[in-house]
Amino acid sequence: MSHTETPPSNRVSRARTWRRRFGLLVMGVCLALGCIEVGLRLIGFRYATFGVPDSVRGWSLGPGLEDVYTLEGRARVSINSHGYRDAERTRVKPSGVYRIAVLGDSFVEARQVEHDETFCAALERMLNDRGIVSPRRAEVLNFGVAGYGIAQELLTLQNDVLSFDPDVVLLAFWSGNDVLDNARSIDRSPKRDWRPYYELAGDELTLDNSFHQSASFRRHTSLLGRMAYGLRDNLRLEQLAIAVVYAASDPRERPQWQWRDELGLSSDVYKEPGSPLWTDAWRVTERLIVEMNRDSRSHAVGFGVVTLSTGVQVYPDASVRRSLTDEIQVADLFYPERRIAALGQQSGFPVLNLAPAMQKQADAKGVFFHGFDNTQFGWGHWNADGHQFAATRMAEWLSEPGVRSQLTATDAAKSH
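Just so you know, the residues in each chain are numbered from 1, in the order the chain's sequence is written. Predicted model: local features are reported for residues with pLDDT of at least 70 only, side-chain atom pairs are reported and counted for 80 or more only, and whole-chain, interface and lining totals are derived from all residues. Side-chain numbers here rest on the full set of heavy atoms in the structure, without hydrogens or water.

Let's talk about the side chain of Asp54
Okay, so step 1: Looking at the element boundaries, Asp54 is found in strand 1 (residues 51–54).
Okay, so step 2: Only protein chains enter the calculation, and the probe is 1.4 Å; a residue is then buried if its accessible area is under 20% of its type maximum, exposed if over 50%, and partly exposed in between. Accessibility expressed as a relative area gives 14% for Asp54, which makes it buried.
Okay, so step 3: From its side chain, Asp54 meets the backbone nitrogen of Arg57 in a polar contact 2.9 Å long.
Okay, so step 4: Among residues more than four places away in sequence, those in contact with Asp54 are Trp59, Ser60, Phe211 and Phe217. Secondary structure is summarised from DSSP: a helix means a run of H or I of at least four residues, a strand means a run of E of at least two, and numbering begins at the N terminus for each. In protein, a polar contact requires one atom able to donate a hydrogen and another able to accept it; more generally it is a pair of N or O atoms within 3.5 Å, and residues adjacent in sequence count only if both atoms are side-chain atoms. Whether two residues are in contact is decided by their heavy atoms, any of which lying within 4.5 Å being enough.

Details of a positive patch on the surface
Okay, so step 1: Patch definition: residues above 30% relative accessible area lacking any salt bridge, with like charges linked at up to 9 Å and the nonpolar side chains Val, Leu, Ile, Met, Phe, Trp and Tyr linked at up to 5 Å. For the area figures, the Shrake-Rupley method with a 1.4 Å probe applies, and any residue is considered shielded solely by the protein chains shown. For this document, the term salt bridge refers to a Lys or Arg side-chain nitrogen within 4 Å of an Asp or Glu carboxyl oxygen. Residues scored as positive are Lys and Arg, those scored as negative are Asp and Glu, and His as well as the terminal groups of each chain are ignored. In this description, the location of a charge corresponds to atom NZ of lysine, CZ of arginine, CG of aspartate or CD of glutamate. Among the surface-exposed residues, Arg16, Arg19, Arg20 and Arg21 lie close enough to one another that they form a single positively charged patch.
Okay, so step 2: With respect to the helices, strands and loops of the structure, Arg20 is situated in helix 1 (residues 8–42).
Okay, so step 3: On the basis of relative accessible area, Arg20 is assigned to the exposed category, the value being 51%.

A short note on the packing of aromatic side chains
Okay, so step 1: Note on ring pairs: Phe, Tyr and Trp rings are taken, using the six-membered ring of Trp, and paired if centres are within 6.5 Å. Classes follow the plane angle, with under 30 degrees stacked, over 60 edge-to-face and the rest tilted. On inspection of all chains with the given rule, the structure shows 14 aromatic pairs.
Okay, so step 2: Seen from their ring centres, Phe303 and Phe349 are 5.3 Å apart, and the 80° between their planes marks the pair as edge-to-face. Note that Phe303 is positioned in strand 10 (residues 302–307) and Phe349 in the loop between helix 11 (335–347) and strand 11 (351–353), a separation of 46 residues in sequence. Side by side, Phe303 and Phe349 carry an identical accessibility label, which is buried.
Okay, so step 3: Geometrically, the ring pair formed by Phe369 and Phe389 is tilted, given 5.3 Å between the ring centres and 45° between the ring planes. One end of the pair, Phe369, is in the loop between helix 12 (354–365) and helix 13 (384–398); the other, Phe389, is in helix 13, with 20 residues separating them in the sequence.
Okay, so step 4: Given the relative accessible area of 3%, Phe369 is considered buried.
Okay, so step 5: A connected cluster of aromatic rings, assembled from ring pairs, spans Phe107, Phe119, Trp174 and Trp382.
Okay, so step 6: By definition, being over a ring means that NZ of Lys or CZ of Arg is both within 6 Å of the ring centre and within 35 degrees of the ring normal. In this arrangement the basic side chain of Lys191 is found over the ring face of Trp59, its NZ or CZ atom lying 4.7 Å from the centre.

Regarding unusual backbone geometry
Excluding glycine, most residues fall at negative phi; most peptide bonds, likewise, are trans.
Okay, so step 1: Cis peptide bonds are those with omega within 30 degrees of zero, and the linkage from Ser134 to Pro135 qualifies with 10°.
Okay, so step 2: Checked against the element boundaries, Pro135 lands in the loop between helix 3 (119–129) and strand 6 (137–142).
Okay, so step 3: Positive phi is not limited to glycine here, since Ala110 has a value of about 55°.
Okay, so step 4: Examined against the element boundaries, Ala110 turns out to sit in the loop between helix 2 (106–109) and helix 3.

Overview of the pairing of strand 7 (residues 168–173)
Okay, so step 1: Most of strand 7 sits out of view: six of its six residues are buried.
Okay, so step 2: Here strand 7 shows two buried faces, one formed by Val168, Leu170 and Ala172 and the other by Val169, Leu171 and Phe173.
Okay, so step 3: Both strand 5 (residues 97–103) and strand 7 contribute to a ladder of four bridges, which runs parallel. Bridge pairing in strand 7 places Val102 opposite Leu170.
Okay, so step 4: Where strand 7 meets strand 10, six bridges bridge the pair, whose relative direction is parallel. Bridging from a neighbouring strand, Val169 pairs with Phe303 of strand 10. If DSSP finds at least two bridges between two strands, the strands pair.

Considerations on the environment of Leu343
Okay, so step 1: If you trace the backbone, Leu343 turns up in helix 11.
Okay, so step 2: A relative accessible area of 3% means that Leu343 is categorised as buried.
Okay, so step 3: Taking the C-alpha atoms as reference, Leu343 lies 7.3 Å from Glu286; in sequence the two are 57 residues apart.

Quick look at the packing of helix 9 (residues 276–298) against helix 11
Okay, so step 1: Comment: axis = line fitted to C-alpha atoms, over the contacting stretch for helices; angle = value between 0 and 180 degrees taken between N-to-C directions. Remark: helix 9 packs on helix 11, axes separated minimally by 11 Å, with the N-to-C direction vectors making an angle of 40°. The angle between helix 9 and helix 11 falls in the class oblique. For helix 9 against helix 11, the interelement crossing comes out right-handed. Contact residues: Trp282, Glu286, Ile289, Val290 and Asn293 in helix 9; Tyr335, Pro336, Arg339, Ile340, Leu343 and Ser347 in helix 11.
Okay, so step 2: Following the grouping adopted for this structure description, the nonpolar residues are Ala, Val, Leu, Ile, Met, Phe, Trp, Tyr, Cys and Pro, the charged ones are Asp, Glu, Lys and Arg, and the polar ones are all others, Gly among them. Among the residues forming the contact of helix 9 with helix 11, the class breakdown is seven nonpolar, two polar and two charged. Roughly parallel refers to an angle under 35 degrees, roughly antiparallel to one over 145, roughly perpendicular to one between 65 and 115, and oblique to any angle outside these ranges. Helix crossings get a hand from a simple test, with the near helix turned counterclockwise from the far one by less than a right angle marking a left-handed crossing and a clockwise turn marking a right-handed one.

Some thoughts on the sheet that holds strand 10
Okay, so step 1: One open sheet holds the five strands; their spatial order is 6-5-7-10-11, and the pairing between them is parallel. In the strand order of this sheet, the two ends are held by strand 6 and strand 11, each with one partner. Neighbour to neighbour, the strand axes of the sheet diverge by 20° on average, direction disregarded.
Okay, so step 2: Strands strand 5 and strand 6 of the sheet are contacted by helix 3, whose axis makes an angle of about 170° with strand 6.
Okay, so step 3: Relative to the sheet, helix 13 contacts strand 5, strand 7, strand 10 and strand 11, its axis offset from that of strand 11 by approximately 145°.

Description of a nonpolar patch on the surface
Okay, so step 1: Where nonpolar side chains cluster on the molecular surface, the patch consists of Phe22, Leu25, Val26 and Val29 and spans about 370 Å² of accessible area.
Okay, so step 2: Within the secondary structure layout, Val26 lies in helix 1.

Structural notes on the pattern of salt bridges
Where charged atoms of side chains with opposite charge meet at close range, the side chains can pair.
Okay, so step 1: Under the counting rule described, the total for this entry stands at 23 salt bridges.
Okay, so step 2: Among the ionic pairs, Arg195 bridges to Asp181, the shortest N-O distance being 3.5 Å. Here the residue Arg195 occupies a position in the loop between strand 7 and strand 8 (197–201), and Asp181 occupies one in the loop between strand 7 and strand 8, the gap between them amounting to 14 residues. Both residues of the pair, Arg195 and Asp181, belong to the buried class.
Okay, so step 3: If you follow the salt bridges from partner to partner, you end up with Lys93, Arg136, Asp165 and Asp167 in one network.

Here it is in structure tokens:
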């Protein structure tokens, strides 16, 4: 044996030492991660996420998921077995039931408030308490999914909602980003590579499903991606990692909630289109709504649209609203409401514009319909007051004979 060669016994001893050190390191890391996980649970940290990949709509809500949402407001969110934030429903409509299916985005899903405080749940109670659909009993089904554009809502209608045999379909249109979300060219949402779009060829809609090929979608639908979703739903550490990545991302690539920044993404929606991109976005949006009306009526289902409010439209200080109208040189902030109302008149479906009435109430009572104690009043999603006002006005609207007549008509609506 050469005098420079390490004896076998020494090599074995050294290997054992390194293995022992590595084992201790792994144990230390696991112990530290375990302590952090326990600590996060003790302090009540949650970054609740409910979305899962969906081959038709890009993403949907995971059936059976339940967690507490705290980013805006605080509410326990439960997803039913069909994948919606609603009470458990039977797909077959019970006898003696009048069903209203509500389609929309995060304002309809409404994870910022308790389920009983959402306008869908409140509307169901009001319809029954006031006997508006008597002798039948009302069910208001919540098909809202955060982040959805109208293309995804049309696909939800066609692939899921109609199988619940609704009597009426209501589209909740939110001008804050619904027009943006329908055009890939101007969509700035963080999930634009996950979203199906429709394009217009003449007056015909063509579905663009290229999101199936995006690297992000394929990664999340892989075996490792599905395993990561399981960890995300159960580990606070995984939720913390998601929160850190979100916070560190380019602010232009995620939702902006301060009212000025919120509007910065979509202030062009409050005025006549000033570019071909916005003209095309509005054309696609209107055509998608008309298609929803046609699909509903072809199944003898009534169809209507309820336009919601943005924070600045109903901000209880006229000077705040005026600062935006002066900046973008418009008389008021209700251009999208007028445009959707005109579309309804032309295409034969009723439209309820909530924002003008909410603005009057906000000015008269000084009430904030948007915002929460843990965020900032005047921006973001509806709080409980916003949902309550919306439900009250919708119940009044649905009781109007003219609206009831339009919603129960089964003949094909005229298209523009």
